[in-house]
Amino acid sequence: MKKGVLLINLGTPKTPTPADVRIYLKKFLSDPRVIDMPAWKWNPILNLAILPHRPEKSAKLYQTIWSEEHGSPLLYYTQRQKEMLQAELPDYVVRYAMSYSEPEIAEELLELEQMEVDNLTIIPLYPQYSTTTVGSVVDDINRFYMGRIKIPNLKIVTDFCDYLPYINALADKIKTAINEFQPDRLLFSYHGIPVSYVEKGDPYAERCKITTKLIMERLQNVPYTETFQSRFGPDKWLTPATDDTLRAFPNEGVKRVLVVAPSFVSDCLETLHELEIENQEYFMESGGTEFKMVPALNDDFAFTQVLKGLILDQDTRSVAEPDKKLGIR
């Protein structure tokens, strides 16, 4: 039996130019899992109101985080995660793919098929399940295998919000930052989704609460707040909003804030620009004095061990203590 692993992340423009950002945004915003609106209604908005203007603005933001040496940080860290995991699992074929950029999911699944991988574990790199992320990945996987003659023994990790090694890796990283920085408040900032998705049954908000609760059990006695970022469009999104919260903190006596973004396993535009630049400005302009970000897990060896455990412990996953109220497995 030939074993394989496929890591899947969101995607990134090929370059931080308006042309490449437009290609990326068009694919991302055309996903019905991401935009829950009839195509006849959404496509004119996307093609006439968003794509003619948004790529130029977004390209300037990407330019602020683009590395001359490594390019896109999300792509770089995903590649590093793949390389480090391959070193830990020499008997596996380890690959990575992106939902909305290259290498594409179907392309990597085809290569794994041609390599005769017949035992495949797929890990969408989203710790907290949402229909907008993991749901979309599963759609792509199903489309690839629909009608194929041979399908491998397939395992998909749809959520690891309560996986003990993940919780401990984040908690240790936060604990180190707290000891060095001594913040007035710890702020958990998760990527948001529209409230309408939650009302339809998306468990994402609850999965975020579980992660926060389990991390805080390992920190103890640290004041904290959980918020949501990256609002897009006019719909009502999960609250409290990160930007509004940071603007209000100084008036509440919070002058030193430590920010962590547990829904991102790789630093990207949302952490390096939206949080560390834009939201830091909101906080400082409102009277804050010091703002510090906890980096994503990125290429920490502890995260390699998280991924390795998710692959090897599929049937005996080590999760945190059960909590019936929060639904922890």
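Structure: above.
Residues numbered from 1 in each chain as written. Predicted model: local features only at pLDDT ≥ 70, side-chain atom pairs only at ≥ 80, totals over all residues. Heavy atoms only, no water.

**Student:** Is there a simple way to explain the side chain of Q81 in this structure?
**Tutor:** For Q81, the location among the structural elements is in helix α4 (residues 73-88). Here S266 takes part through its side chain, which lies 3.0 Å from a polar atom of the side chain of Q81. Excluding anything up to four places from it in sequence, Q81 contacts L7, L125, V265, S266, N298, F303 and L307. (Helix = DSSP H or I, 4+ residues; strand = E, 2+ residues; numbered from the N terminus. Polar contact = N/O pair within 3.5 Å; in protein donor to acceptor, adjacent residues only side chain to side chain. Contact = heavy atoms within 4.5 Å.)

**Student:** For this particular structure, what's the right way to read the pattern of salt bridges?
**Tutor:** Close approach of charged atoms allows side chains of opposite charge to pair. Scanning all chains against the criterion turns up 19 salt bridges. Linking E83 and R80 is a salt bridge whose minimum nitrogen-to-oxygen distance equals 3.6 Å. Separated by three residues within a single helix, E83 and R80 lie in helix α4, roughly one turn from each other. Among the residues examined, R80 registers a relative accessible area of 24% and is labelled partly exposed. (Salt bridge = Lys/Arg side-chain N within 4 Å of Asp/Glu carboxyl O. Buried < 20%, exposed > 50% of the residue type's maximum accessible area, 1.4 Å probe, protein only.)

**Student:** Which parts of the structure should I look at to understand the environment of L258?
**Tutor:** Mapping L258 onto the fold places it in strand β7 (residues 256-260). Residue L258 is classed as buried on the basis of its relative accessible area, which comes to 0%. L258 sits 73 residues away from R185 along the chain, and the two C-alpha atoms are 6.4 Å apart.

**Student:** So what exactly am I meant to see when it comes to helix α11 (residues 269-285) here?
**Tutor:** Given 3.6 residues to a turn, an α-helix orients residues that are three or four positions apart in the same direction. Remark: the principal bend of α11, roughly 30 degrees, maps to L275. Buried within α11 are the following residues: L269, T271, H273, E274, L275, N279 and F283. Packing partners of the buried residues in α11 comprise α3 (54-65), β5 (185-191), β6 (224-229), α10 (242-248), β7 and β8 (290-293). (Bend = angle between axes of the 7 residues up to and from the residue.)

**Student:** Help me out: how do you make sense of the sheet that holds strand β4 (residues 153-156) in this one?
**Tutor:** Remark on secondary structure: sheet strands pair via backbone hydrogen bonds, oriented parallel or antiparallel. Strand order across the open sheet formed by four strands is β2-β1-β3-β4, with parallel pairing between neighbours. Where the open sheet ends on each side, the last strands, each with one partner, are β2 (92-98) and β4. Pairs of neighbouring strands in the sheet enclose a mean axial angle of 20 degrees, with direction left out of account. Of the strand pairs in this sheet, strand β1 (residues 3-9) and strand β3 (residues 119-124) are connected by six bridges, and their pairing is parallel. What sits directly across from V5, in β3, is T121. Along the sheet face, α4 touches β1 and β2 and points at about 170 degrees away from the line of β2. (Pairing = 2+ DSSP bridges. Axes fitted to C-alpha atoms, helices over the stretch in contact; angles between N-to-C directions.)

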